[in-house]
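# What the coordinates show
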Amino acid sequence: MTQELTPKPPRHIAIIMDGNGRWAQQRGLPRVAGHRAGAEAVRRTVDACIKSGVEVITLYAFSSENWSRPESEVKALMQLLDRFLKEKTKEMMQQNVKLQAIGRLDKLPEKTRKRLEDAIQTTANNTALTVNLALSYSGRDELTDATKAIAQQVAAGELEVDAIDADTITSNLYTHGLPDPELLIRTSGEFRLSNFLLWQLSYTEIIIFNKFWPDFDESDVLHAIEQFHSRDRRFGTI
Ligand code: FPP
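These notes cover the structure that comes with them. Everything numeric here is computed off the predicted structure, so don't read it as measured data.

### Here's the deal with the site of the ligand
Residues in close proximity to the ligand total 17 residues, the closest being Met17, Gly21, Arg22, Arg31 and Arg69. Within the side chain of Asp18, one N or O atom sits 3.1 Å away from an oxygen atom of the ligand. Gly21 is positioned with one of its backbone polar atoms (N or O) 3.0 Å from an oxygen atom of the ligand. Relative to its unbound accessible area of 620 Å², the ligand is 91% covered by the protein chains. At four residues, helix α2 (residues 31-52) tops the list of elements feeding residues into the shell around the ligand. Here the shell around the ligand is composed, by residue class, of seven nonpolar, six polar and four charged.

Now the structure itself:
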């Protein structure tokens, strides 16, 4: 008897949620309306990932570079994040979702950081899906911080220079403890990494969607997983 085996979904999916502004512009709406619609797409994506058995998603919600956007947009994004955390913590508990965050979180406004810390603490023991928010995040900052941490361990005599290897770097990144993403999704048709998870994406399969992030839905998650399964992953071998 032949048995159909369902292939395993990627354990970790990273997502560059691009195109909120253009989505709003096309509709003659303010950019913040695009971000609001983007938050709805986050909800749909979380639901789809839980159903598909994905373990972790890392969402690029706010890059270090995003601090240079007009003050009004930064403020609106922080307020949106604030409201998202306030309204969704209960839902995350019901869905058994664990929240984590990576980035220079000390740069976030006090109120938002506090709400984030509360949500992380409240959901800490949940096991269905880890939602990892990249906030005030830059891949180069992350590698710089890891380098400093490693240098301090060497200076303190806790680590030999010759003992430094790829695992040393991995374990000093903000993402320590998480598997590397097997799949990267980017919306709005751009082919760029934009300073996202530079070390962790070394062997990651990339899928670009030609739609704006607010239009992303459950069927797109399923399509991405299907595409992922059709890729021949060789990790540099033949
Ligand atoms: C990129 O679109 C999106 C962002 C910079 C912010 C992402 C935020 C959200 C999806 C909403 C909030 C998220 C959470 C987790 C509450 P863009 O503004 O760069 O779009 P554009 O390239 O068309 O201008």
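Anyway, onward from the coordinates.
### Focus: the side chain of Asn132
The residue Asn132 is located in strand β4 (residues 129-137) in this model. Residues within four places of Asn132 in sequence aside, it is in contact with Ile57, Thr58, Leu59, Gln100, Ala101, Ile102, Thr175 and Leu178.

### A word on the environment of Glu158
Assignment of secondary structure puts Glu158 in the loop between α5 (139-155) and α6 (166-170). Placed 32 residues apart in sequence, Glu158 and Glu190 show a C-alpha to C-alpha distance of 43 Å.

### Considering the side chain of Arg186
Along the chain, the position of Arg186 falls in strand β5 (residues 183-186). Separated by 2.7 Å, the side chain of Arg186 and the backbone oxygen of Arg192 make a polar contact. Non-local contacts of Arg186, meaning those with residues more than four positions away in its chain, are made with Ile16, Asp18, Arg192, Leu193, Ser194, Ile207, Ile208 and Phe209.

### Things to note about the pairing of strand β1 (residues 12-16)
Burial analysis of β1 places five of its five residues in the buried class, the great majority of the element. What you see with β1 is no split at all: His12, Ala14 and Ile16 on one side and Ile13 and Ile15 on the other are buried throughout. Bridge analysis of β1 against strand β2 (residues 56-63) gives five bridges, and the strand direction is parallel. What sits directly across from Ile13, in β2, is Ile57. As paired elements, β1 and β5 share four bridges and run parallel to each other.

### Examining the environment of Gln26
By the element assignment, Gln26 lies in helix α1 (residues 20-26). The exposed category is assigned to Gln26, whose relative accessible area is 59%. Note: C-alpha distance between Gln26 and Phe216 (190 residues apart in sequence) is 16 Å.

### Side note on α5
In this model, α5 (17 residues) spans 24 Å end to end at C-alpha, consistent with the 24 Å of a helix rising 1.5 Å per residue. Along α5, the residues that are buried comprise Gly139, Asp141, Glu142, Ala146 and Ile150. On its buried side, α5 packs onto β4 and α6. Trailing α5 by a residue or two, Gly157 shows a phi angle of about 75°, which is positive.

How each quantity is defined
- Residues numbered from 1 in each chain as written.
- Predicted model: local features only at pLDDT ≥ 70, side-chain atom pairs only at ≥ 80, totals over all residues.
- Heavy atoms only, no water.
- Near = heavy atom within 4 Å.
- Polar contact = N/O pair within 3.5 Å; in protein donor to acceptor, adjacent residues only side chain to side chain.
- Areas by Shrake-Rupley, 256 points an atom, 1.4 Å probe, with all protein chains shown as cover.
- Helix = DSSP H or I, 4+ residues; strand = E, 2+ residues; numbered from the N terminus.
- Nonpolar A, V, L, I, M, F, W, Y, C, P; charged D, E, K, R; others polar.
- Contact = heavy atoms within 4.5 Å.
- Buried < 20%, exposed > 50% of the residue type's maximum accessible area, 1.4 Å probe, protein only.
- Pairing = 2+ DSSP bridges.
- Expected span 1.5 Å × (residues − 1).

Functional significance is not addressed by these values, which are geometric in nature.
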